[in-house]
Amino acid sequence: MTPWTLVYDGFVPEEEGLRESLTALGNGYFCTRGAAEWATDDGTHYPGTYMAGGFNRLTTEVAGRPVVNEDLVNMPNWLPLTFRIEGGEWFNLADVDLTTYRQELDMKDGLMIRVLEFRDKAGRETALTSRRLVNMARAHKAGIEWTLTARNWSGRVEVRSGLDAGVINNNVARYRDLASKHLETLEMGPADDEAIFLLAQTNQSRIQVAQAARTRVFFDGEQVPLEVERTTHEEDERICQDLAFQIDEGRPVRVEKIVRFFTSRDRGIYEPGTEARTRITRGSDFATMLRYHRLEWGQLWHRCDITFAGQDRIQMVVRLHIFHLLQTLSRNTIDLDAGTPARGLHGEAYRGHIFWDELYILPFLNFRLPEVSRSMLLYRYRRLDEARAHAQEAGYKGAMFPWQSGSNGREETQVVHLNPKSGRWHPDLSHNQRHVNAAIAYNIWQYYQATGDERFMAVYGAEMLFEIARFWASIAHYNPKRDRYEIHGVMGPNEYHEKYPGAEEGGVKNNAYTNVMVAWIMEIALEALDGLLDHRRDELRETLEITDEEVSLWADMAHKMYVPYHGDGLISQFEGFDDLEELDWDAYREKYGNIQRMDRILEAEGDSADHYKLSKQADALMLFYLFSEDSLRAIFERLGCPFDEHTAPKNIEYYYKHTSHGSTLSLIVHSAITPGFDPDGSWDMFMAALESDIGDIQGGTTVEGIHLGVMAGTVDLIQRGYMGAEIRDDVLFFNPLLPHKMHGLKFSLFFRGMWLDVELTANKIKIAPQHGGPDTVKVGIGDRIYYLRSGYAREFAL
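Structural notes, computed from the coordinates. None of these values were measured; they are calculated from a predicted model.

### Re the nonpolar core
Phase 1: Phe83, Trp356, Phe466, Trp472, Met622 and Phe734 are the most contacted members of the largest nonpolar core, which totals 233 residues.
Phase 2: With 14 residues, helix H10 (residues 512–531) is the largest single contributor of residues to this core.
Phase 3: Leaving out residues up to four positions away in the same chain, Trp356 has contacts with Trp403, His435, Val436, Ala439, Pro493, Tyr513, Gln617, Met622 and Leu665.
Phase 4: Counting residues in hydrophobic clusters, the runner-up holds 11 residues, among them Tyr588, Ile601, Ala609 and Leu614.

Next comes the structure, spelled out in structure tokens:
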């Protein structure tokens, strides 16, 4: 293992699902799990392929009523490639003795490599090396290269190359009783003498998907294909092409399968089937494709890499997280009108839906690929009308974005969910997590602060901010006894508290995180309004019918949102949290060991998490994650709420003891907010977050797709928590709190049009503005502000 490679030695069937998620390859347009080319959905392997924005809805009858689910579709499998010797059985690992098995993810070049050496029942010894890529430079291309070597034999070999539309969504066990066949085959056949073609479509959303594959055989090192016997045949929804040729002992043979992938969602094409058939005939071998693919990855790493001094394991895992983030969201994603799927394009958990995870993802992209962040925000903007309709249907004004979003921005959250521990279905009230609206507002403002993109704010961002502010103003009500605005009937990020014990209605009163975020949103909505050019301000106020009374209400709410407290200066997660029962944490740890999903444990026992002072993940503590202490103090002071040097450590200590970390996002938040007073604890949680997917610490969830928010969150934790990076008043501040186990960092940031190379050690920070862009940029170190000039590096003692 090197800092650039994830390596697995030996074939372990029980680990294949996890390995397939972690070695998946993608380019922001589509992504394919790291299953072997000869593998099928057999309980050990799952060769899924997913396209950004590729959703489809199906209806299943559950308990006598129709249940509609929208899923990210498992698209036709382009991988099928297998072989047989002398007319025997097609290759199967179970039929041979493996002497070598090695699977490697090369993150530097974006390659998945598999090396096998085996002996078959006839005593023939064979070596097979597979290299695979999903082209980052050309979004519609992918390829496989095999090198096949006969060690002690010569003879006839047949290679079978296929495209398969007979796949279903079958990656998540708890969904398997629900409708899962999303594809129907429209057409298949030869594309030319060397290529095959398949056209399918989703059976409800009518997205057409076309694939074409050309397979050739070469003597290794030669560029002229061998003459082979070709036969093409169709089997149900699968088309295959067999290539027969002679192989000589000790002389490697190279097999190349090049694939083209188009859909009816693509821009700049005539029709997906025509594009796939036409473009597969345009030459391009694996080596040429790899050259441009490597070039693109090299440029991405130049922008996005973060290097650590002398810590190879940490370096490798951080790069793994950046790698999968870039495979999900890249420059190829920009024009796709696709959101930020919580589980990447790597599996089918959460049905590929978009939640609030971009809160953890976009901060990294804002500073490196801001155009990708912008496209994620435009995904929300294009669904603004649906959010308006959603608010109106619920009796509110403005825009109410859904907790789970898919194709068109309607609420995709189900009304029931399954507890796998008890096997029982229960009402799902998680749609009450209205704080997703706060996350979207935060993401808009952070993008604007990082880029200074005035046109985005004028055309898109301000309108979303105003409609979100209008929603919060309509869901809140004024309590004259407190002279405060309150919000009832919502859920915070905790998720364990869907309602009060014994209550019929869902939601809680005055979730502190939500209310403080609303106060902040009202302030930035006013700032955005003031910051617009006069004519654009007038246009928006006229179009949206924003009255002076409404603006006055926003200003009042910015100063008068109610924040509940209990005990000695503790911010109550919500009103009444302190009245709940204490959980016997030690008893449950002793009984169950892993108690991350306490909600499921309690429900299986006939109890409910609603009864206890219990958090799935950071809730009130999210405030300390999203804002620096100085910024948060300013918000609390404006609200007239107490906030001093003890507020943060006191609340963090209290809520840490009441949190089960049922979401790995909780580790990110707790790690990021504690380096100043518990550096060892912060480091331990950072390490646990790093290992969460690669070690599958939640016991099988990574098989169903990576946790993109956690992967991106670990990187954001470095820049937000350990670097103390924050933008205030057009200044990029750094307030580093480097753990003593972290010896140094190097990375680059793009801020307001200027690239900054940053190097941090235990006692100094060096910032080198690159040439180009503006002449100066404002950077803060601690409380001091400096004007850094393009091309002139500065060092600052810490």
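### Here's the deal with the sheet that holds strand E2 (residues 25–26)
Phase 1: Taken in spatial order, the three strands make up an open sheet running E2-E3-E4, and their pairing is antiparallel. Strands with a single pairing partner mark the edges of an open sheet, and in this sheet they are E2 and strand E4 (49–51).
Phase 2: Across three bridges, the pairing between strand E3 (residues 30–32) and E4 is antiparallel. Paired with Phe30 across the two strands is Met51, which belongs to E4.

### Re the packing of aromatic side chains
Aromatic ring pairs: the centre-centre distance and the angle between the two ring planes describe each pair.
Phase 1: For the coordinates displayed, the defined rule picks out 40 aromatic pairs.
Phase 2: On the numbers, 5.4 Å between centres and 90° between planes, the contact of Phe574 with Phe577 is edge-to-face. For the pair shown, Phe574 and Phe577 are each scored as buried.
Phase 3: Ring geometry for Tyr786 against Phe796: centres 4.6 Å apart, planes inclined by 50°, an arrangement best described as tilted. One end of the pair, Tyr786, is in strand E33 (residues 784–789); the other, Phe796, is in strand E34 (residues 794–797), and 10 residues separate them in sequence. Here the two residues Tyr786 and Phe796 agree in accessibility, since each one is buried.

### Some details on helix H6 (residues 370–381)
Phase 1: Taking 1.5 Å of rise per residue, 12 residues should cover 16 Å, and H6 covers 16 Å from first to last C-alpha, within 8% of that figure.
Phase 2: For H6, the buried fraction is high: nine of the 12 residues fall into the buried class.
Phase 3: Listing the buried residues of H6 in full gives Pro370, Val372, Ser373, Ser375, Met376, Leu377, Leu378, Tyr379 and Arg380.

### Here we look at the packing of helix H19 (residues 679–694) against helix H20 (residues 708–722)
Phase 1: Running from N to C, H19 and H20 cross one another at 155°; their axes reach a closest spacing of 9 Å. Viewed along their axes, H19 and H20 adopt a mutual orientation that is roughly antiparallel. Of the two possible hands of crossing, H19 and H20 adopt the one that is left-handed. Facing Ser682, Trp683, Phe686, Ala689, Leu690, Ser692 and Asp693 of H19, the residues of H20 in contact are Val710, Met711, Thr714, Leu717, Ile718 and Tyr722.
Phase 2: Split into classes, the residues belonging to the contact of H19 with H20 amount to nine nonpolar, three polar and one charged.

### A word on the sheet that holds E34
Phase 1: Pairing in this open sheet of five strands is antiparallel, and the strands run E19-E29-E30-E31-E34 from one edge to the other. Looking at strand neighbours, the two that pair on one side only are strand E19 (306–308) and E34, the edges of this open sheet. This sheet shows a mean twist of 20° between the axes of neighbouring strands, independent of strand direction.
Phase 2: As paired elements, strand E30 (residues 754–760) and strand E31 (residues 764–769) share five bridges and run antiparallel to each other. Bridge pairing links Leu760 to Ile765 in E31.

### Points about the pairing of strand E28 (residues 731–734)
Every regular strand shows the same layout, with side chains that alternate between the two sheet faces.
Phase 1: Going residue by residue along E28, you find Val731 and Phe733 tucked away on one face and Leu732 and Phe734 tucked away on the opposite face as well.
Phase 2: By the bridge criterion, three bridges tie strand E27 (residues 726–728) to E28 in an arrangement that is antiparallel. Counted as the bridge partner of Ile727 is Leu732 from E28.

### Looking at the environment of Leu667
Phase 1: Mapping Leu667 onto the fold places it in helix H18 (residues 665–673).
Phase 2: Residues Leu667 and Gly713 lie 46 residues apart in sequence; the distance between their C-alpha atoms is 9.4 Å.
Phase 3: Filtering out sequence-adjacent residues up to four positions away, Leu667 remains in contact with His661, Met685, Ala688, Ala689 and Ile697.

### Focus on the side chain of Glu348
Phase 1: Within the secondary structure layout, Glu348 lies in the loop between helix H4 (312–328) and helix H5 (358–366).
Phase 2: One buried charge, Glu348, has no salt-bridge partner; the nearest side chain with opposite charge is Arg33, at 7.1 Å.
Phase 3: Among the polar contacts made by the side chain of Glu348, one reaches the main-chain amide nitrogen of Asn170 at a distance of 3.1 Å.
Phase 4: Those residues within four positions of Glu348 in sequence are excluded, and the remaining contacts are Tyr46, Tyr50, Asn74, Ile168, Asn169, Asn170, Asn171, Val172, Tyr175 and Glu704.

### As for the environment of Tyr786
Phase 1: Among the residues examined, Tyr786 registers a relative accessible area of 15% and is labelled buried.
Phase 2: Considered as a pair, Tyr786 and Thr714 are 72 residues apart in the sequence and their alpha carbons are 28 Å apart.
Phase 3: Apart from residues no more than four positions distant in its own chain, Tyr786 is found in contact with Val777, Lys778, Val779, Ile781, Arg794 and Phe796.

### Describing unusual backbone geometry
Phase 1: One non-glycine residue, Asn510, lies in the positive phi region at around 55°.
Phase 2: Among the structural elements, Asn510 can be located in the loop between strand E24 (508–509) and H10.
Phase 3: At His661, a position not held by glycine, the phi torsion is positive, near 55°.
Phase 4: Residue position: His661 is located in the loop between helix H17 (647–657) and H18.

So, how was this worked out
- Residues numbered from 1 in each chain as written.
- Predicted model: local features only at pLDDT ≥ 70, side-chain atom pairs only at ≥ 80, totals over all residues.
- Heavy atoms only, no water.
- Core = buried A, V, L, I, M, F, W, Y, C linked by side-chain atoms within 4.5 Å.
- Buried < 20%, exposed > 50% of the residue type's maximum accessible area, 1.4 Å probe, protein only.
- Helix = DSSP H or I, 4+ residues; strand = E, 2+ residues; numbered from the N terminus.
- Contact = heavy atoms within 4.5 Å.
- Pairing = 2+ DSSP bridges.
- Phe/Tyr/Trp six-rings, centres within 6.5 Å; stacked < 30°, edge-to-face > 60°.
- Expected span 1.5 Å × (residues − 1).
- Axes fitted to C-alpha atoms, helices over the stretch in contact; angles between N-to-C directions.
- Parallel < 35°, antiparallel > 145°, perpendicular 65-115°, else oblique.
- Left-handed = near helix turned anticlockwise from the far one by under 90°.
- Nonpolar A, V, L, I, M, F, W, Y, C, P; charged D, E, K, R; others polar.
- Lys, Arg positive; Asp, Glu negative; His and termini not counted.
- Salt bridge = Lys/Arg side-chain N within 4 Å of Asp/Glu carboxyl O.
- Polar contact = N/O pair within 3.5 Å; in protein donor to acceptor, adjacent residues only side chain to side chain.

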